Amino acid sequence: MPELPEIEIVKRSLFKMINKAKIIDIKINNKNLRYKIPGTLYKKLINKKILKISRRSKYLIFHFKDKLLLVHLGMSGKFLVSKKNNKLLKTSFYYDLNILPKHNHIYFMLNNNCTLIYNDVRRFGFFKLYENLDLEKITFLKKLGPEPFSNLFDVKYFIKFIKNRQKNIKNLLMDQTFVSGLGNIYVNEALFLSKIHPLKKCSNLKRNSIKTLIRNIIKVLKISINQGGSSIRDFKNTYGKSGNFQQFFNVYGRENKNCSRISCKGKIKKISISNRSSFYCDHCQN
DNA sequence: AGGCATGTTACAGG
DNA sequence: ACCTGTAACATGCC
């Protein structure tokens, strides 16, 4: 669940459930995530109040007084909130319910009768704790390009960045130093909406295509956030059900299917670009 | 059994 | 320096 919209949904639901809560106990089952969980985590965060939860790109940031906890969910990281009745509440949109307790790596017991659980099957996620450090100084965040929704991500920036670059557009959009928060799904979807072939050399894009592409990146992310948001708002109705965003996929995972554009007779093709699956319509993305 | 998976990083080689 | 492909990380699902 790891691209910008999913992280945004996690952030919003965490905010609703645990913002301003105080951590009263921490249990660490497995320190071996992508990076070792700092041994000081317990000591530093106990009795600390969560002042704010924010997102930068695919990173979540828990704000404490003079401390920041940076979290990346990797490929399979999930936050769950368990209430005192012990029923697991979903705080993000999982597309299945195969959440095994054996992959619960960290428990944060809170003073609001909730326990925040970090569950991560593949353990590519990580936690880093920073003290007395501004957000802008965090190495992981420093190298990130602009947020897709930011004013900084505009045609001018785009054109300047691709000058003298030979990359294909798929890899450019996957490059977090160019624009941050996109991943394989939304890059594929945005390129489809923009009728751009994923292997197109970015420096060959016309100004108008770039404009369209920027607009569609923002559009697909927003639609997804709206869908995820609506599926999470009333989690009882959606508990155990697929996230709504999947129904908006035009190309991702749709190999050999017909193009969803009514007027298009094309088929969705799958190719590998830099070892990642790329899906595109062989007719309208030429 | 082997390939694939929403992410990131390191490395080799062009 | 830039770009691409490959592998690695760990686990589960076709």
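A closer look at the environment of L51
- Of note, L51 is situated in the loop between helix 2 (41-45) and strand 2 (52-56).
- Each residue touching L51, except ones within four places of it in the same chain, is listed here: N19, K20, H63, F64 and K65.

Details of the nonpolar core
- Counting 31 residues, the largest nonpolar core has L14, I18, F62, L69, F79 and F108 as the members making the most contacts within it.
- Counting residues per element, this core draws most heavily on helix 1 (residues 4-18), which supplies five residues.
- Each residue touching F62, except ones within four places of it in the same chain, is listed here: L14, I18, I50, K52, I53, K67, L68, L69, V71, F79 and L116.
- By size, the runner-up hydrophobic cluster in this structure holds 28 residues, among which are L191, I196, I210 and V220.

Observations regarding the sheet that holds strand 4 (residues 67-72)
- One open sheet accounts for four strands, arranged 2-3-4-9; its pairing is antiparallel. Looking along the sheet, the strands with just one partner apiece sit at the ends: strand 2 and strand 9 (126-131). On average, each strand axis in the sheet is tilted by 20 degrees relative to the strand beside it, whichever way the strands run.
- Sheet analysis places strand 4 next to strand 9, joined by six bridges and oriented antiparallel. Looking at strand 9, one finds that V71 is bridged to F127.
- Sheet contacts for helix 1: strand 2 and strand 3 (59-64); angle to strand 2, the most-contacted strand, approximately 175 degrees.

Topic: the protein's contact with DNA strand C
- Around DNA strand C lies a shell of 14 residues, among which R122, R123, R165, Q166 and S274 are the nearest.
- For DNA strand C, the fraction of atoms within 4 Å of the protein that belong to sugar or phosphate moieties is 63%.
- The side chain of R165 places a nitrogen or oxygen atom 3.3 Å from a phosphate oxygen of DNA strand C.
- One nitrogen or oxygen atom from the main chain of Q166 is found 2.9 Å from a phosphate oxygen belonging to DNA strand C.
- Across the surface near DNA strand C, the residue classes tally to two nonpolar, seven polar and five charged.

Thoughts on the pairing of strand 5 (residues 77-82)
- With respect to burial, strand 5 is a largely interior element, six of its six residues being buried.
- The alternating pattern of strand 5 places G77, F79 and V81 and K78, L80 and S82 on opposite faces, both of which are buried.
- Here six bridges tie strand 5 to strand 8 (residues 115-120), and the two strands are oriented antiparallel to one another. Paired with K78 across the strands is N119, a residue of strand 8.

Observations regarding unusual backbone geometry
- Its identity as a non-glycine residue notwithstanding, D66 has a phi of 65 degrees, on the positive side.
- As for its position among the elements, D66 is in the loop between strand 3 and strand 4.
- Of the residues examined, D66 reaches a relative accessible area of 45% and is grouped as partly exposed.
- The phi dihedral of N164 falls on the positive side, at around 65 degrees, and the residue is not glycine.
- Looking at the element boundaries, N164 is found in the loop between helix 4 (155-162) and helix 5 (169-174).
- With a relative accessible area of 72%, N164 lands in the exposed category.

A word on helix 6 (residues 184-193)
- For helix 6, a buried count of nine out of ten residues is recorded, marking the element as mostly surrounded by other parts of the structure.
- Along helix 6, the positions that sit buried rather than exposed are N184, I185, Y186, V187, N188, E189, A190, L191 and F192.
- Of the residues one or two after helix 6, K195 is the one with positive phi, at around 55 degrees.

Section: the confidence of the model for chain A
- Averaged over every residue, the pLDDT of chain A is 87; residues scoring 70 or more account for 89%.
- The low-confidence segment residues 91-96 (pLDDT under 50) makes 31 contacts with residues lying over four places distant or belonging to another chain.
- Note that pLDDT drops below 50 for residues 229-242; the model gives that stretch 21 contacts with residues more than four away or on any other chain.

Cut-offs used in this document
Residues numbered from 1 in each chain as written. Chains lettered and ligands numbered in written order. Predicted model: local features only at pLDDT ≥ 70, side-chain atom pairs only at ≥ 80, totals over all residues. Heavy atoms only, no water. Helix = DSSP H or I, 4+ residues; strand = E, 2+ residues; numbered from the N terminus. Contact = heavy atoms within 4.5 Å. Core = buried A, V, L, I, M, F, W, Y, C linked by side-chain atoms within 4.5 Å. Buried < 20%, exposed > 50% of the residue type's maximum accessible area, 1.4 Å probe, protein only. Pairing = 2+ DSSP bridges. Axes fitted to C-alpha atoms, helices over the stretch in contact; angles between N-to-C directions. Near = heavy atom within 4 Å. Polar contact = N/O pair within 3.5 Å; in protein donor to acceptor, adjacent residues only side chain to side chain. Nonpolar A, V, L, I, M, F, W, Y, C, P; charged D, E, K, R; others polar. pLDDT = per-residue confidence, 0-100.

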